[in-house]
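Residues per chain, in single letters:
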Amino acid sequence: CSQYTIRSQSAIDLFLGKWTLESAASNVQQMCKLANLSNVMEKFATGIQSFIRAMIGLLKAMMARVEAAVDKAQSLFDFGNSGGDHDENVMETAVDNALDAANSMIGKMLGK
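Remember, predicted model here, so these are calculated numbers, not experimental data.

The rules behind these values
- In every chain, residue numbers begin from 1 and rise along the written sequence.
- Note on the predicted model: pLDDT of at least 70 is required for a residue's local features to be given, and 80 or more for side-chain atom pairs to be given and counted; whole-chain, interface and lining totals, by contrast, use all residues.
- Think of the side-chain values as coming from all heavy atoms in the structure, minus any hydrogens and water.
- Each helix is a run of H or I in the DSSP string that is no shorter than four residues. Each strand is a run of E no shorter than two, and both are numbered from the N terminus.
- To sort residues, take the accessible area from a 1.4 Å probe on protein chains only and compare it with the maximum for the residue type: under 20% means buried, over 50% means exposed, and anything in between is partly exposed.
- Contact definition: two residues touch when any of their heavy atoms are within 4.5 Å.
- Two distance rules govern patches: like charges are joined within 9 Å, and nonpolar side chains (Val, Leu, Ile, Met, Phe, Trp, Tyr) within 5 Å, applied only to residues with over 30% relative accessible area and no salt bridge.
- Using a 1.4 Å probe, accessible areas were evaluated by the Shrake-Rupley method; residue-level cover was limited to the displayed protein chains.
- Salt bridges are counted wherever a side-chain nitrogen of Lys or Arg sits within 4 Å of a carboxyl oxygen of Asp or Glu.

K.L.:
Mind showing me how you'd approach the overall build of the protein here?
P.N.:
Each helix and strand counted, the protein has three helices and zero strands in total. Starting at the N terminus, the α and β elements of the protein follow one another as α-α-α. Taking all 112 residues of the protein together, 14% fall into the buried category. When contacts within the protein are restricted to residue pairs at least 6 apart in sequence, long-range pairs at least 24 apart make up 58% of them.

K.L.:
Whenever I open this one, a nonpolar patch on the surface confuses me. Can you help?
P.N.:
Taken together, the side chains of Phe44, Ile48, Phe51, Ile52, Met55 and Ile56 make up a nonpolar region of the molecular surface, amounting to roughly 590 Å² of accessible area. Look at phenylalanine 44 and you get exposed, because its relative accessible area is 60%.

K.L.:
Teacher, can you tell me more about the environment of serine 38 here?
P.N.:
With respect to the element layout, serine 38 can be found in helix 2 (residues 21–79). Residue classification places serine 38 among the partly exposed positions, given a relative accessible area of 30%. Sequence-wise, serine 38 and serine 8 are 30 residues apart; in three dimensions their C-alpha atoms are separated by 10.0 Å.

Structure representation (structure tokens):
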């Protein structure tokens, strides 16, 4: 960005300075390059913004899936016996379900 700023300032200084017939084409060309570069930077920033919004959506969806799996596991745990083996199996199943849900959601976002 600093390089862009330096080039922009340099081009503006040339553009505002005295023009000769020889420098006119070069000055106009420099301003066109700056305008094009600013369009590229705007598209890049828009792409980054879209990516961040998609990641937020992914994280929210994953969080909802994990919360649902935890709620289901908790209800099974509360409903089930108090025996140690059964409780461990329920929690292990809940963790597996949460991981599967997260993997599935990531796969869908990546198109796999």
